[in-house]
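# Chain and residue survey
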Amino acid sequence: MAKGITRERIVAAALDLLDDKGMDALTVRALASRLGVGAPALYWHVRNKQELLDEMSTFVMRRVTDALSEIAPGAGWRDDVAAYGRVLRSEYLRHRDGARIFSGTRFSDPDVVKAKERWLERLTSAGFSLAEADDTLDLVTAFVVGFVIEEQERGQPGGDPDRYSLAGRDAWLGEGAELVKAAGHLRDDGDRRFDRQLGVVLDGLAARLR
């Protein structure tokens, strides 16, 4: 085992590499080079890239749990779930491709998984069945992951500045798509769009509860 190499140090270096190069460049070999060790030294701690992503997503989710513990409970379940969604998005946005590292991962720390218990208790106390409570957390998480993946993809550093040009899109569409063009010009990326669409998800969940 390489001296001084710990899982914590590996995750920190992996997040730095992610910020610098993005998800596609995040490999065990590239990470070993950044840490100044041979790739075999890392296999004492993470067996493959998937296990590395598990550790990274666990680290990010610990931050989510810590941030939520500092927020006072809202007026009801809707306020609390909205706060969860906003904190989750905020933590993903701290890192380039932050939402992509979360997809398909498995948490490596049981305490991170156990933190879900109080959310299930809160939602079932508000009238959700256990299945509905679990679905609520899954749906909001999936919405946030998808929203941030799109958000970060559109804002990738070094990307083509004309790729998402509305004028170019309008010209490409040509005639006969006036509503599609108008809808494109209504798009308001960022916090306002996120809160509005999160509200739609929560409206649907509230309707199911009623």
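Residues numbered from 1 in each chain as written. Predicted model: local features only at pLDDT ≥ 70, side-chain atom pairs only at ≥ 80, totals over all residues. Heavy atoms only, no water.

Right, let's talk about the pattern of salt bridges for a bit. If you walk through the whole model with that rule in mind, you get 16 salt bridges. Asp24 is the partner of Arg100 in a salt bridge, and the nearest nitrogen-oxygen pair spans 3.3 Å. With Arg100 in the loop between helix 5 (77-93) and helix 6 (110-114) and Asp24 in the loop between helix 1 (7-21) and helix 2 (28-35), this pair connects stretches of sequence that are 76 residues apart. You can call Arg100 partly exposed: its relative accessible area is 29%. Asp24 gets classed as exposed once you look at its relative accessible area, which sits at 64%. With a shortest N-O distance of 2.8 Å, Arg47 and Glu51 are connected by a salt bridge. When its relative accessible area of 14% is taken as the criterion, Glu51 is described as buried. A single network of salt bridges, built from pairs that share partners, joins Arg7, Arg47, Glu51 and Glu55. (Salt bridge = Lys/Arg side-chain N within 4 Å of Asp/Glu carboxyl O. Helix = DSSP H or I, 4+ residues; strand = E, 2+ residues; numbered from the N terminus. Buried < 20%, exposed > 50% of the residue type's maximum accessible area, 1.4 Å probe, protein only.)

Looking at the largest pocket, its volume works out to about 330 Å³. Met61, Tyr84, Phe107, Lys116 and Thr141 are, among the 16 residues lining the largest pocket, the residues nearest its centre. Sorting the residues of the lining of the largest pocket by element identifies helix 4 (49-69), helix 6, helix 7 (116-125) and helix 8 (130-154) as the ones contributing at least two each. (1 Å grid on protein atoms, 1.4 Å probe; cavity = no way out; pocket = protein on both sides within 12 Å on 5 of 7 lines; lining within 4 Å. Points joined across faces, edges and corners; volume = space filled by probe spheres on them.)

Among all residues except glycine, the phi angle is most often negative; among peptide bonds, the trans geometry is most common. Within the chain, Asp97 stands out as a residue other than glycine whose phi angle is a positive 60 degrees. With respect to the helices, strands and loops of the structure, Asp97 is situated in the loop between helix 5 and helix 6.

Counting 52 residues, the largest nonpolar core has Leu26, Leu31, Leu42, Met56 and Tyr92 as its most contacted members. Mapped onto this core, the elements with two or more residues apiece are helix 1, helix 2, helix 3 (39-42), helix 4, helix 5, helix 7, helix 8 and helix 11 (191-209). The element that contributes the greatest number of residues to this core is helix 8, accounting for eight residues. (Core = buried A, V, L, I, M, F, W, Y, C linked by side-chain atoms within 4.5 Å.)

Moving on, we get to the UniProt feature "domain: HTH tetR-type" (unreviewed entry) in the chain. As recorded in UniProt, the feature "domain: HTH tetR-type" (unreviewed entry) lies at residues 4-64. Taken end to end, residues 4-64 is 70% helix and 0% strand, and its first and last C-alpha atoms sit 27 Å apart. (UniProt positions renumbered as here; feature names shortened; annotations may be inferred.)

What follows concerns the environment of Arg100. Counting along the chain gives 16 residues from Arg100 to Tyr84, while the straight-line C-alpha distance between them is 18 Å. Apart from the residues lying within four places of it in its own chain, the contact partners of Arg100 are Met23, Asp24 and Ile149. In this structure the side chain of Arg100 is engaged in a polar contact, spanning 3.3 Å, whose partner is the side chain of Asp24. (Contact = heavy atoms within 4.5 Å. Polar contact = N/O pair within 3.5 Å; in protein donor to acceptor, adjacent residues only side chain to side chain.)

Bringing helix 8 into the picture now. Here helix 8 spans 36 Å end to end across 25 residues, near enough to the 36 Å set by a 1.5 Å rise per residue. Among the residues of helix 8, those classed as buried are Ala133, Thr136, Leu137, Val140, Thr141, Phe143, Val144, Val145, Phe147, Val148, Glu151 and Gln152. Lining the buried residues of helix 8 we find helix 5, helix 7 and helix 11. (Expected span 1.5 Å × (residues − 1).)

Closest axis-to-axis distance for the helix 5/helix 8 pair is 10 Å, and the angle between their directions is 35 degrees. Between helix 5 and helix 8 lies a crossing whose hand is right-handed. Together, Val81, Tyr84, Gly85, Leu88, Arg89, Tyr92 and Leu93 of helix 5 and Thr136, Leu137, Val140, Thr141, Val144, Val145, Phe147, Val148, Glu151 and Gln152 of helix 8 make up the contact between the two elements. For the contact of helix 5 with helix 8, the per-class residue count stands at 11 nonpolar, four polar and two charged. (Axes fitted to C-alpha atoms, helices over the stretch in contact; angles between N-to-C directions. Left-handed = near helix turned anticlockwise from the far one by under 90°. Nonpolar A, V, L, I, M, F, W, Y, C, P; charged D, E, K, R; others polar.)

This next bit is on the environment of Thr124. Mapped onto the secondary structure, Thr124 falls in helix 7. Judged by its relative accessible area of 32%, Thr124 falls in the partly exposed class. Along the primary structure Thr124 and Arg78 are separated by 46 residues, whereas in three dimensions their C-alpha atoms are 13 Å apart. Thr124 has contacts with Ser129, Leu130 and Ala133, leaving out every residue within four places of it along the chain. Reaching out from Thr124, the side chain makes a polar contact with the backbone oxygen of Leu120 at a distance of 2.8 Å. A polar atom in the side chain of Thr124 sits 3.1 Å from the backbone oxygen of Glu121.

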